[in-house]
Amino acid sequence: MNLRSPAFAILFSVSLIAAAGNMALQSVLPAIGREFRLSDTLVAGAFAISALMWTIASPFWARLSDRLGRKRVILIGLSGFVLSMSGFGLAATSGLEQWLGAGLAFTLMAVARTIYGVFGSAAPIASQAYVADRTTPEQRTQAMSLLASAQGLGTVIGPALAPFFVLPLVGLAGPMYAFALFGAVVLFVVWRKLPSGEVVRIPSRSGRHDAGKGLWKDPRVRDYLLYGLLVTGAQAVNISVLGFHIIDELAVTGIAARDAQPFIGIAMLAGAAATLMVQWGLIPLLKLQPADLMRWGAGLALVGNLMSIASPGYYGVVVGYAVVSMGIGFARPGFTAGSSLSVGPHEQGAIAGLMMSLAGLSFLGPPVIGVALYELAEPAPFIANALMLAAATALCLLNARLRTGPPDLPDRDETPSPETPPASQPGPEGNR
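Given the structure is predicted, the values throughout are model-derived calculations rather than measurements.

Peer 1: Would you explain the overall build of the protein chain in this entry?
Peer 2: Within the protein chain, the regular secondary structure consists of 15 helices and zero strands. Here the protein chain holds 432 residues, and 56% of them are scored as buried. When contacts within the protein chain are restricted to residue pairs at least 6 apart in sequence, those whose partners lie at least 24 apart make up 84%.

See the structure below:
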């Protein structure tokens, strides 16, 4: 497949619109919850539901794309995205306009998020498989990295555009309608323009059902997974608390929750931009190894959380979140590359599956727990994060495997390439 071909551009758009729409919704959800006068913890639970369903449904869509074909599964996934975003928008409008009670409206919003969780992974998985089917091994790394970079760009574009769609007639539900429309346009383009001719698919060794069984407890990767769980769990807390924290800081200056959306978008944009700066600029420039990336990542994320405790006010929140995002920008390529380099070629599929499961787990419990802690006391989630990140930093320094990094095999360069895909937002909706 030519990476400049219309087909690849279409697949890039599929990943871009899904990530942008999801992050736009993430940025506006806290304000909607405050308008409904609902518990912040209950609002955070809506995203936990979609993360759970995403984790459960992903293997099903991977298998179905082998049977039905990639294009059909992409169409199914995009249809689910459009249905979820438009349904969420209608439910939000019904509650904001008081056509329905806040409780019923929020229940319908949770149903819409469940639909996203069920269908959301279909399009990215099938898009990745479509590219893999049509690229040579020499092309595949660059193709997959470029396709994954659409997710990182989406996490920048979504929060940046969301405030422009908070319009008088549709209010806070506007971004959902806008991205549902964008998704419908991409769906139509995929249906009419994406070539559907199937290719012969040869399963790899890593695709066997028994490949990598029990790998999560293998000493080669166990410590990387523990580190990853600590770091991604902490970042999931930061993301989930961010909107509520900004609304409360602005309330002190007299700005209502309904008017806080542009400020939330700016903060999320700053975090995504900080991660992209690290992964597209600093990592290739500094040529850090996985062990170095993990130490710098956990340390910077720890500093960012301490800044969130010590620096009150809107600008303190934004700077603290940006520093956390820089840390995750170092940490995620570190532990994913380190775990991949620690296993053999026939186990790469299994370790990739473990990383995907880790992303799903980080968005199940931590966001709900973090927001619940925030409702108890404003500094509480950042203190909890600081403890987790201190543990991750100590693990890097004291654990022999993580301190030395993967085995130095002949002719293997452990430095992440300049095409390392950005991981601006982790989790099943933001970093596939």
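Peer 1: When you look at the nonpolar core in this model, what are you seeing that I'm missing?
Peer 2: If you look at soluble globular proteins, the nonpolar side chains tend to sit buried side by side. The biggest cluster of nonpolar side chains holds 81 residues, and the ones touching the most others in it are Ile32, Met109 and Val190. With 16 residues, helix 1 (residues 6-36) is the single largest residue contributor to this core. Discounting chain neighbours no more than four positions away, the residues touching methionine 109 are Leu29, Ile32, Phe36, Phe88, Ala91 and Ala92.

Peer 1: I'm lost on the packing of aromatic side chains in this one. Help?
Peer 2: Aromatic ring pairs are reported here in terms of the distance separating the ring centres and the angle at which the planes meet. As enumerated under the stated definition, the model contains 10 aromatic pairs in all. Ring centres of phenylalanine 165 and phenylalanine 179 lie 6.2 Å apart, and the angle between their planes is 85°; on these two criteria the pair is classed as edge-to-face. Of this pair, phenylalanine 165 sits in the loop between helix 6 (137-161) and helix 7 (174-193) while phenylalanine 179 sits in helix 7, placing them 14 residues apart in sequence. Assigned by exposure class, phenylalanine 165 and phenylalanine 179 land together as buried.

Peer 1: Where do I start with the packing of helix 1 against helix 4 (residues 102-119) in this structure?
Peer 2: The geometry of a pair of packed helices is captured by two quantities: the angle between their axes and the separation between those axes. Relative to each other, helix 1 and helix 4 sit at 165°, their axes nearing to 13 Å. One element, helix 1, and the other, helix 4, form an angle in the roughly antiparallel class. As for how helix 1 packs across helix 4, the hand of that crossing is left-handed. Listed contacts from helix 4 to Ala18, Asn22, Leu25, Leu29, Ile32 and Phe36 of helix 1 are Ala102, Ala105, Phe106, Met109, Arg113 and Tyr116. For the contact of helix 1 with helix 4, the residue count by class is 10 nonpolar, one polar and one charged.

Peer 1: What am I meant to see in helix 2 (residues 40-68) here?
Peer 2: In an α-helix there are 3.6 residues to a turn, and that puts residues three or four apart on one side. Look at helix 2: 41 Å from first C-alpha to last across 29 residues, which is about the 42 Å you get at 1.5 Å a residue. Along helix 2, the helix axis deviates most sharply at alanine 57, where the bend reaches about 35°; the proline proline 59 sits within four residues downstream. Measuring from the backbone nitrogen of threonine 41 back to the side-chain oxygen at the start of helix 2 gives 3.2 Å, which picks out serine 39 as the cap. Of the residues one or two after helix 2, glycine 69 is the one with positive phi, at around 105°.

Peer 1: Where do I start with the pattern of salt bridges in this structure?
Peer 2: Side chains that carry opposite charge are capable of pairing whenever their charged atoms lie near each other. Applying the stated criterion across every chain, the model contains three salt bridges. The salt bridge involving aspartate 248 is made with arginine 34; its shortest N-O contact spans 2.7 Å. With a gap of 214 residues between them, aspartate 248 in helix 8 (residues 219-251) and arginine 34 in helix 1 connect regions that are remote in the sequence. Given the relative accessible area of 25%, aspartate 248 is considered partly exposed. The partly exposed category is assigned to arginine 34, whose relative accessible area is 22%. In this structure, aspartate 292 engages arginine 295 in a salt bridge whose closest nitrogen and oxygen atoms are separated by 2.6 Å. Separated by three residues within a single helix, aspartate 292 and arginine 295 lie in helix 10 (residues 290-310), roughly one turn from each other. Connected via shared salt-bridge partners are Arg34, Asp40 and Asp248.

Peer 1: Help me out: how do you make sense of the packing of helix 1 against helix 7 in this one?
Peer 2: Close contact between helix 1 and helix 7 brings their axes to 10 Å; oriented N to C, the two are set at 165°. When the axes of helix 1 and helix 7 are compared, the pair comes out roughly antiparallel. The handedness of the crossing between helix 1 and helix 7 is left-handed. Across the interface between the two elements, Ile10, Ser13, Val14, Ile17, Ala20, Gly21, Ala24, Leu25, Val28 and Ile32 of helix 1 pack against Met176, Phe179, Phe182, Gly183, Val186, Val189, Val190 and Lys193 of helix 7. Considering only residue class, the contact of helix 1 with helix 7 consists of 14 nonpolar, three polar and one charged.

Peer 1: For this particular structure, what's the right way to read a nonpolar patch on the surface?
Peer 2: A cluster of nonpolar side chains, namely Leu181, Phe182, Val185, Phe188, Val189 and Trp191, defines an oily patch on the protein surface of about 570 Å² accessible area. With respect to the element layout, leucine 181 can be found in helix 7. Overall, the relative accessible area of 54% leaves leucine 181 in the exposed class.

Peer 1: I would appreciate a short explanation of the environment of isoleucine 369 in the present structure.
Peer 2: Residue position: isoleucine 369 is located in helix 13 (residues 365-376). Put simply, isoleucine 369 and threonine 41 are 328 residues apart on the chain and 7.7 Å apart in space, counted from C-alpha to C-alpha.

Peer 1: Could you clarify how one ought to interpret the confidence of the model for the protein chain in this entry?
Peer 2: Detailed reading of predicted coordinates is not advised where the pLDDT is low. Looking at the protein chain, pLDDT values average 80 and 80% of them are 70 or higher. Taken as a whole, residues 200-212 scores under 50 in pLDDT and shows 13 contacts with residues more than four places along the chain or in a different chain. For the stretch residues 409-432, pLDDT sits under 50, and the model shows 80 contacts to residues farther than four places along the chain or on other chains.

Peer 1: Would you take a moment to explain unusual backbone geometry for this structure?
Peer 2: A positive phi is found at arginine 37, a non-glycine position, where the angle reads about 60°. Considering the arrangement of structural elements, one finds arginine 37 in the loop between helix 1 and helix 2. Phi at glutamine 98 takes a positive value of approximately 65°, unusual for a residue other than glycine. Relative to the elements of secondary structure, glutamine 98 occurs in the loop between helix 3 (70-96) and helix 4.

Peer 1: Explain the environment of alanine 126 here, please?
Peer 2: Mapped onto the secondary structure, alanine 126 falls in helix 5 (residues 122-133). Along the backbone, alanine 126 and valine 73 are 53 residues apart, and their C-alpha atoms lie at a distance of 6.2 Å. Among all residues touching alanine 126, those that are not within four sequence positions of it are Ser65, Arg70, Val73 and Ile74.

Peer 1: Before we go on, may I ask you to explain helix 1 in this structure?
Peer 2: The first and last C-alpha atoms of helix 1 sit 44 Å apart over 31 residues, in line with the 45 Å expected at 1.5 Å per residue. At valine 28, helix 1 is deflected by roughly 35°, the largest bend along its length, and proline proline 30 occurs up to four residues later in sequence. With 25 of 31 residues buried, helix 1 lies mostly within the body of the structure. Arginine 37 sits one or two positions beyond helix 1 and adopts a positive phi of about 60°.

What counts and how
Residues numbered from 1 in each chain as written. Predicted model: local features only at pLDDT ≥ 70, side-chain atom pairs only at ≥ 80, totals over all residues. Heavy atoms only, no water. Helix = DSSP H or I, 4+ residues; strand = E, 2+ residues; numbered from the N terminus. Buried < 20%, exposed > 50% of the residue type's maximum accessible area, 1.4 Å probe, protein only. Contact = heavy atoms within 4.5 Å. Core = buried A, V, L, I, M, F, W, Y, C linked by side-chain atoms within 4.5 Å. Phe/Tyr/Trp six-rings, centres within 6.5 Å; stacked < 30°, edge-to-face > 60°. Axes fitted to C-alpha atoms, helices over the stretch in contact; angles between N-to-C directions. Parallel < 35°, antiparallel > 145°, perpendicular 65-115°, else oblique. Left-handed = near helix turned anticlockwise from the far one by under 90°. Nonpolar A, V, L, I, M, F, W, Y, C, P; charged D, E, K, R; others polar. Expected span 1.5 Å × (residues − 1). Bend = angle between axes of the 7 residues up to and from the residue. Polar contact = N/O pair within 3.5 Å; in protein donor to acceptor, adjacent residues only side chain to side chain. Salt bridge = Lys/Arg side-chain N within 4 Å of Asp/Glu carboxyl O. Patch = residues over 30% accessible without salt bridge, like charges linked within 9 Å, V, L, I, M, F, W, Y side chains within 5 Å. Areas by Shrake-Rupley, 256 points an atom, 1.4 Å probe, with all protein chains shown as cover. pLDDT = per-residue confidence, 0-100.

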